[in-house]
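Reading the structure
Each chain, written out:
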Amino acid sequence: MLPVPKLNGSTHVNLTVRDLDRSTEWYCRVMDFTVVRDATPAESGFTFRTLVHRQSLAAIVLGQAAEADPEPFDERRVGLHHLGYHVPERIDLDRWAAHLDAVGAAHSGVRELFLEAGYGIWLRDPDNIWLEFYWLNADYFMDRLRQRRRAERTAADRAKPVRG
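Predicted, not measured: the structure shown is a model, and the values here were computed from it.

Our focus in this paragraph is the nonpolar core. Tyr27, Met31 and Phe133 are the most contacted members of the largest nonpolar core, which totals 27 residues. When residues of this core are traced back to their parent elements, those giving at least two are strand 1 (12-16), helix 1 (20-31), strand 4 (59-65), strand 5 (83-86), helix 2 (90-102), strand 7 (118-124) and strand 8 (130-136). Top element by residues in this core is helix 1. It accounts for 5 residues. Once residues lying within four places of it in the same chain are set aside, the contact partners of Phe133 are Met31, Tyr85, Val87, Leu93, Trp96, Leu100, Tyr119, Gly120, Ile121 and Leu123.

Encoded structure:
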C-alpha cells in the first residue's frame, strides 16, 4: 500500500451565496479577507469571487448562481455542516470575540467545546452559513492518538501467530 500523499494545511472552500457583494463585504469586514479575483466561467451559471486571508493564506471562493435558490443555508441538509478556522492560542479566541463585537458581528462568545477538546466561537454569515473559530486542546488529542496507537499495536500483537 502506498503512503498517503502530504497536505500542507492550506485550504480553500467554495461557498454558494445569494448576494455576492453582500457576502464579500461581510467576509472582508468581519474576517479580514481580501478580494483577489473575479471570474465567470463560460456556461458555469456562476460568478465567482476569490478572497484570501492575508495572514493564513486560507481562501474562500464565493459563488453566486445566475439562478440562485432563495433559501438560506441549513446545516441539516446534506453537504456542508460548518466551516472551522483554527487559532494558534486560546487567547486568540478572546481577541476574535472582541473584534467581532467591534465590527457588529453576532457570535456565541467563547465557549468550551465538548469532551475537553478546546474552546470555540460560533457565528453565521449573511447566508446563515455556520462558522467556527476554535482552539484545540493539543494534550487531549495527543493522548487520544497515543491511546489509539497502543490499541492498534495490541491488536496487531494478538493477531500474530504464536511461535513455539
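Having put the structure on the table, let's press on.
Now for helix 1. For helix 1, built from 12 residues, the straight-helix expectation of 16 Å at 1.5 Å per residue is met to within 8% by its first-to-last C-alpha distance of 16 Å. A side-chain oxygen of the first residue of helix 1 lies 3.2 Å from the backbone nitrogen of Asp21; this N-cap is Asp19. A positive backbone phi angle near 65° is found at Asp32, which sits one or two residues after helix 1.

Reading guide: rules and limits
Residues numbered from 1 in each chain as written. Predicted model: local features only at pLDDT ≥ 70, side-chain atom pairs only at ≥ 80, totals over all residues. Heavy atoms only, no water. Core = buried A, V, L, I, M, F, W, Y, C linked by side-chain atoms within 4.5 Å. Buried < 20%, exposed > 50% of the residue type's maximum accessible area, 1.4 Å probe, protein only. Helix = DSSP H or I, 4+ residues; strand = E, 2+ residues; numbered from the N terminus. Contact = heavy atoms within 4.5 Å. Expected span 1.5 Å × (residues − 1). Polar contact = N/O pair within 3.5 Å; in protein donor to acceptor, adjacent residues only side chain to side chain.

Purely geometric numbers; function is a separate question.
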